[in-house]
Amino acid sequence: MNISENETLMYSDMYDFDYNDTCDQDPGPGLPNGSTLLSVLYYILFCLSLLGNATVLWVLLRYIKLKTMADICLLNLALSDLILAVSLPLWAYNSQNLASCKLMTGVYQLGFYSGTLFVTLMSVDRYLAIVHAVAAMRARTLCYGIIASITIWAISVVMAIPGVIFASLELVDADDNSYECQPLYPEDRQQFWKMLRNLNENTVGLFVGLPIMIFCYVKILFVLSRSRNSKKNRAVKLIFIIVCVFVVCWVPYNVTVFFQTLQPFVDTLNNCQASKYIHSAIGFAEIIALSHCCVNPLIYALAGEKFRKKLGYVLTRYFCQSRGTFSQRDTTDTSNTPVKSDY
């Protein structure tokens, strides 16, 4: 594999998707400036995600009592995004150590699967809260939220295990004794494991998560369209932002992975030129997908009325205390309108 290709792509290189081994390994069009540019992007995404998600965790654990499934979902989503972000400096540093290779592979996979599943769970929770507000009250409790969260983490760990098992260091430059963290599959089952990894990602993000989100938010919009609540327009805008951000961030990546899965079976796609362009497209799509862990705190926390009020209260409290002008005030949200979000 060409070294410049390894400098151009991160996870798509670690999981070599090229099913046609007879192709010339010219990577095709890619990101400029090689690993330097990508390292800067990874560190920027890491810093933004760390700031946003750490703030969400701090406010939730310190100032908000976790009482509902909504609170548990938001807490776990922030934790999942933080886990995914932690893997980015590891990839940028590119440690020549097998333990580090397996660690960053496992962390990345765990954050990827859990993040998508928690976004899906939050969509279902919003659907129940608005479309079946009364009937779903017993299902949206703290207990059920904890059970759902444990289940998602268990599924994510199981789906991340193969990546950790097969993660290995591959020599890419004998002169510099340079290694890349890539999977080392058994030769007799190599294509099977590559396709299984692709199908797992597509199943979670494209075939399960996206349809559930669309169904839930279409139903929510239908209910809101018949509501006379003054907050209806604001809720509709928030829903529109949530769906659009998820589609823009994750659909391109999942679609390119899906095309790579089809490549061995579709003659028109099974050629070197298509392989190069799809391989390069994943590199670009992955950067966009990773940015989702940075915007989640904005669309799920800061855009939520309950969280935003509490954060404003905390910031005002510390700012005013530093000036000696703070006075205690009640910030309890007592609104019970069906349009209001619990986030």
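Predicted model only: the values in this text are computed from it and were never measured. (Residues numbered from 1 in each chain as written. Predicted model: local features only at pLDDT ≥ 70, side-chain atom pairs only at ≥ 80, totals over all residues. Heavy atoms only, no water.)

S.K.: Would you mind showing me how to read the confidence of the model for the protein here?
M.R.: Do not read the fine detail of predicted coordinates wherever pLDDT is low. With 78% of its residues at a pLDDT of at least 70, the protein reaches an overall mean of 78. Mean pLDDT across the secondary structure elements of the protein bottoms out at helix H1 (residues 3–8), with 39, and peaks at helix H6 (residues 142–166), with 94. Here residues 24–30 scores under 50 on pLDDT; set against residues more than four positions off or in separate chains, the count is 20 contacts. The model gives residues 328–339 a pLDDT under 50, and that stretch makes 21 contacts with residues more than four places away or in other chains. (pLDDT = per-residue confidence, 0-100. Helix = DSSP H or I, 4+ residues; strand = E, 2+ residues; numbered from the N terminus. Contact = heavy atoms within 4.5 Å.)

S.K.: Before we go on, may I ask you to explain the pattern of salt bridges in this structure?
M.R.: Pairs may arise between side chains of opposite charge once their charged atoms sit close together. For the structure on display, the rule yields 2 salt bridges. For the salt bridge of Asp-125 with Arg-140, the shortest nitrogen-to-oxygen distance reads 2.8 Å. Of this pair, Asp-125 sits in helix H5 (residues 98–131) while Arg-140 sits in the loop between H5 and H6; the two residues are 15 residues apart in sequence, bridging distant segments of the chain. The residues Asp-125 and Arg-140 share a single accessibility class, namely buried. With a closest N to O distance of 2.4 Å, Arg-197 and Glu-201 form a salt bridge. (Salt bridge = Lys/Arg side-chain N within 4 Å of Asp/Glu carboxyl O. Buried < 20%, exposed > 50% of the residue type's maximum accessible area, 1.4 Å probe, protein only.)

S.K.: Sorry if this is basic, but what is going on with the UniProt feature "transmembrane region" (unreviewed entry) in the protein here?
M.R.: Here, UniProt's "transmembrane region" (unreviewed entry) annotation points to residues 40–61, 73–92, 112–135, 142–169, 204–224, 236–257 and 277–303. Between the C-alpha atoms that bound residues 112–135 there is a distance of 32 Å. The span itself is 83% helix and 0% strand. (UniProt positions renumbered as here; feature names shortened; annotations may be inferred.)

S.K.: Sorry, what's going on with the packing of H5 against helix H7 (residues 190–225) here?
M.R.: In a pair of packed helices, the angle between the axes and the distance between the axes together describe the arrangement. One way to put it is that H5 packs onto H7 with a least axis distance of 9 Å and a crossing angle of 20°. The angle between H5 and H7 falls in the class roughly parallel. For the pair H5 and H7, the crossing hand works out as left-handed. Looking at the contact of H5 with H7 residue by residue, the class counts come to 17 nonpolar, 7 polar and 4 charged. (Axes fitted to C-alpha atoms, helices over the stretch in contact; angles between N-to-C directions. Parallel < 35°, antiparallel > 145°, perpendicular 65-115°, else oblique. Left-handed = near helix turned anticlockwise from the far one by under 90°. Nonpolar A, V, L, I, M, F, W, Y, C, P; charged D, E, K, R; others polar.)

S.K.: Could you clarify how one ought to interpret empty space enclosed by the protein in this entry?
M.R.: Taking a probe equal in size to a water molecule and rolling it over the atoms shows the remaining empty space. In the structure shown here, the tally under the stated rule is 5 cavities of 30 Å³ or more. For the largest cavity, the lining is made up of 12 residues, of which Gln-109, Pro-162, Gly-163, Trp-193 and Arg-197 are closest to its centre. When contributions to the lining of the largest cavity are tallied by element, the ones reaching two or more residues are H5, H6 and H7. (1 Å grid on protein atoms, 1.4 Å probe; cavity = no way out; pocket = protein on both sides within 12 Å on 5 of 7 lines; lining within 4 Å. Points joined across faces, edges and corners; volume = space filled by probe spheres on them.)

S.K.: Can you walk me through H6 in this structure?
M.R.: Spacing of three or four residues puts side chains on the same side of an α-helix, whose turn is 3.6 residues. Its 25 residues place the ends of H6 37 Å apart at the C-alpha level, agreeing with the 36 Å of an ideal helix rising 1.5 Å per residue. Along H6, the sharpest change in direction is near 30° and occurs at Ala-160; proline Pro-162 comes one to four residues later. Among all positions in H6, only Gly-145, Ala-148, Ser-149, Ile-152, Trp-153, Ser-156, Met-159, Ala-160, Gly-163 and Phe-166 are buried. (Expected span 1.5 Å × (residues − 1). Bend = angle between axes of the 7 residues up to and from the residue.)

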